[in-house]
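Single-letter residue listing:
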Amino acid sequence: MDTYAYLAHLTEDGRTQTILEHLKGTASLCSAFAAAFDAEAQGQLAGMAHDIGKYSAAFQRRLHGGPKVDHASAGAFECLKAQQLAAAFAISGHHGGLPDGGSRGDAAGAGTFWGRINRASQGNLEGYHAWQSEFSLPHANTPAFAGTRLEGMFFTRMLFSCLVDADYTDTGAFMDNSPYLPASSSSMEELWRRLETYVSGWFPPKGALNMQRCAILEQCMSAGAQYGPGLFTLTVPTGGGKTVASLSFALAQAKARRMKRIVYVIPYTSIIEQTAQIFREILGDENVLEFHSGVQFDQQEDDASSPETAPLTRSVETWDVPVIVTTAVQFFESLYACRPSKCRKLHNLAQSVLIFDEAQMLPLPYLRPCVWAIAQLVRHYGASAVLCTATQPALDPIFQEFAPEIPIREICPMAEAHWESFRRVSFQQAGTLSWMDLAACLQQQEQVLCVVNTRRAAREVFHQLSGSGNFHLSTLMYPAHRRRILDEIRRRLRDGLPCRVVSTSLIEAGVDVDFPAVYRELSGLDSILQAAGRCNREGKRPPEDSIVTIFQGEDPPPRLFETSIGAGKIVLDHCQDVSSRAAIHTYFSTLLDLKGAEAQDAHHILPLMESEFFPFRTVAERFHLIESPTTTVYLPLEEGAGLVELLRSGQYSRTLYRRLGQYGVSVYPQHLAALEQAGALEHLEDGSVVLRDIGLYTQTTGLTLEPSGGNALFIG
């Protein structure tokens, strides 16, 4: 062995980690992570090869303040010589992110995979071959299922996830001078016992509605214990208790099949905290992670080896906890991402139960890529997927295309008579109403909910109401504020006090309120039925006295909703009972047919992956569920004031960002620019944005976006 000690890391206090120590530690972790999808050997190879380039004199100088060095291309080149393409790609991007494949003719040093390989093959890397005197690379076979371009890309991204997590974890353990210990959390058996304790008071059920809910719960528990990993639907009427029922299925299956975790995917950021809080009450705080954009950091090259950024590194989510509650945006954008910070957690999706709450909210322009990714996880990575909704979308044909060998099982088959027993409202149509006429209709009722399509409309209608008991809800109010308003709304509803609420669609999915009457601006049938779920929720009034009024507002329909509104109109015009399962199926089939299969992959994600050589970076740039990305602005109000002070002082932690999320508002680029121009924002060192002018936030309607006027339409 060479007597020279080649180092991977060096701390300020003089401690050293050799490259071989780091490679062995990373390989051990990477192999263990990849074992979840039978790729231990690939993980071992990627871990041992990833930092071979650090055996160069140039990198050893880098440790003492020299210039940056490309140390990733060497390991990628060695793996490619061994015909291990997935490991080569994973290594090439383990700091800067997975590159596009490019072509063999790319110039040496180009940013593509082939550009980096050509740089190595043409001898443009400083000598790094001292590694050969210390070890040999292990042999590995690529799994047979990763043979096509599409599936090969997915496998590579999962292996990349294992490598990035292992690399950061081993580096962090050395820099912190403490061994890596897996997250401390309860077993699935213990979580199951906690669930049983939580629901024990529901039995024997009192009343017809609770009898139905308990029957659904028991069916989910039984099905979870009976079935192995697969593809499932859970079609439960609004008010059927699907949140706890779906969790019971997932826990029963995870316990019976020794699965690793449960990931609950929700379309709206605005209701994550509510669902996560329910799960914390059942399972305990330490077992539930609430994941949103506020807790992410992007790792740049060599960040992981910098002690100054260690607190940020530790804050990157690995999802190594039993239950994760996250958004559809975070979930799917991570599955198509190329950056280490986004991909680090992906390997933890293997052998997990994935519950897609309100599955009908999967965005149409990305529907096929989303369904394809779910199918991959179920087919090859030991995951279960549950499409959980009261309004089941007609996705069977797409799943059958992508996973023809996997049957789709309904967890809780329900006879039409039982479905009818959940009917609690009647529908009527009111035609077009001006905002003034709408406000007059609301003013005549003591307790009423009105849901409109835009934040601007919500403010306009709200400001035309007079008297006491009027409330406004939108995503321009920070979550802690919304929760306080919702608590007051529930109290007034319970006490029979005046309570008129004007809200955007954030109140529709999963928010537990019970109004005697609901007005819903014309939208997709799924949104209309979700709004109807806030009317006579507990079934205490006759359906004929619980009216859901569908109206068309004075503004033209937002472009974002045009397709769903068009499909909704067809059903409203042709179906006598808009809440029947037949109407729901007609709606979703119509919605998918209106623009055809091409509209279900509007940015041609899947064709691009099939036609080009592993275009990781281009795919990541194209795949954005929210077309106009938002920035979180933190509000230094209430507890948020002290939390912002902690942020200013540099105390970054996962817990701090999670708590700060309760005092953040998502702002679109044009509105952020307007606030910037007005001098209303403060930018902190970690990249966080804080509202400097707190006079722009009111306790009635939240953040004022003047002078732009707040015309953003996307909710969530």
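Anything mentioned here points back to the structure above.
(A) Quick peek at empty space enclosed by the protein. Overall, the coordinates contain 5 cavities of 30 Å³ or more when judged by the stated rule. Its volume calculated, the largest cavity comes out at about 290 Å³. Forming the walls of the largest cavity are 18 residues, and the residues nearest its centre are Pro237, Thr238, Phe422, Arg423 and Ser579. Secondary-structure elements contributing two or more residues to the lining of the largest cavity are helix 17 (416-420) and helix 21 (525-532). Ranked by residues supplied to the lining of the largest cavity, first place goes to helix 21 with 3 residues. The space that makes up the second largest cavity amounts to roughly 70 Å³. What lines the second largest cavity is Asn453, Glu521, Leu522, Gln552, Gly553, Asp555, Pro556, Pro557, Ile565 and Lys569. Looking at side-chain class alone, the lining of the second largest cavity contains 4 nonpolar, 3 polar and 3 charged residues.

(B) Layout of the environment of Ile408. Among the secondary structure elements, Ile408 is positioned in strand 9 (residues 408-410). Ile408 sits in the partly exposed class, given a relative accessible area of 23%. The spatial distance from the C-alpha of Ile408 to the C-alpha of Arg537 is 30 Å, given a sequence separation of 129 residues. Beyond its immediate chain neighbours, meaning those up to four positions away, Ile408 contacts Leu231, Thr233, Asp396, Phe399 and Gln400.

(C) Inspection of the sheet that holds strand 4 (residues 261-266) at higher detail. What the 7 strands build is an open sheet, ordered 5-6-4-7-8-3-9; its pairing is parallel. Of all strands in the sheet, those with a lone pairing partner are strand 5 (288-290) and strand 9, marking the two edges. The mean angle between the axes of side-by-side strands here comes to 20°, regardless of whether they run parallel or antiparallel. Judged from the 5 bridges that link them, strand 4 and strand 6 (residues 323-327) form a sheet pairing that is parallel. Bridged to Val265 within strand 6 is Thr326. Where helix 15 (residues 367-380) meets the sheet, it contacts strand 3 (231-235), strand 7 (352-357) and strand 8 (384-389), and its direction lies at approximately 140° from that of strand 8.

(D) Here's a closer look at the packing of aromatic side chains. The final tally for this structure, using the stated rule, is 31 aromatic pairs. Here Phe113 and Trp114 contribute two aromatic rings whose centre-to-centre distance is 5.9 Å and whose plane-to-plane angle is 70°, an arrangement assigned as edge-to-face. Summarising the aromatic geometry, the rings of Phe154 and Tyr381 are spaced 5.4 Å apart at their centres and angled 50° between planes, so their arrangement reads as tilted. Placement of the pair is Phe154 in helix 7 (residues 149-176) and Tyr381 in the loop between helix 15 and strand 8, with a sequence separation of 227 residues. According to the relative accessible area criterion, Phe154 is buried, its value standing at 3%. Here Tyr381 falls in the buried class, since its relative accessible area comes to 0%. One aromatic cluster in this structure is built from Phe37, Phe145, Phe154, Phe155, Trp372 and Tyr381. Directly above the ring of Phe174 sits Arg15, whose terminal nitrogen or CZ lies 4.8 Å from the centroid. Across from the ring centre of Trp319, 5.4 Å away, lies the NZ or CZ of Lys345, which sits over that ring.

(E) Just the sheet that holds strand 16 (residues 631-634), in detail. Spatial strand order, 17-16-19-18: 4 strands in an open sheet with mixed pairing. Edge positions in the open sheet fall to strand 17 (664-667) and strand 18 (681-683), since each of these has one partner strand only. Between one strand axis and the next, the sheet turns through 35° on average, direction left out of account. Examined bridge by bridge, strand 18 and strand 19 (residues 689-691) share 3 bridges and lie antiparallel to one another. Its bridge partner lying in strand 19, Leu681 is registered against Leu691.

Analysis parameters
- Residues numbered from 1 in each chain as written.
- Predicted model: local features only at pLDDT ≥ 70, side-chain atom pairs only at ≥ 80, totals over all residues.
- Heavy atoms only, no water.
- 1 Å grid on protein atoms, 1.4 Å probe; cavity = no way out; pocket = protein on both sides within 12 Å on 5 of 7 lines; lining within 4 Å.
- Points joined across faces, edges and corners; volume = space filled by probe spheres on them.
- Helix = DSSP H or I, 4+ residues; strand = E, 2+ residues; numbered from the N terminus.
- Nonpolar A, V, L, I, M, F, W, Y, C, P; charged D, E, K, R; others polar.
- Buried < 20%, exposed > 50% of the residue type's maximum accessible area, 1.4 Å probe, protein only.
- Contact = heavy atoms within 4.5 Å.
- Pairing = 2+ DSSP bridges.
- Axes fitted to C-alpha atoms, helices over the stretch in contact; angles between N-to-C directions.
- Phe/Tyr/Trp six-rings, centres within 6.5 Å; stacked < 30°, edge-to-face > 60°.
- Lys NZ or Arg CZ within 6 Å of the ring centre and 35° of its normal.

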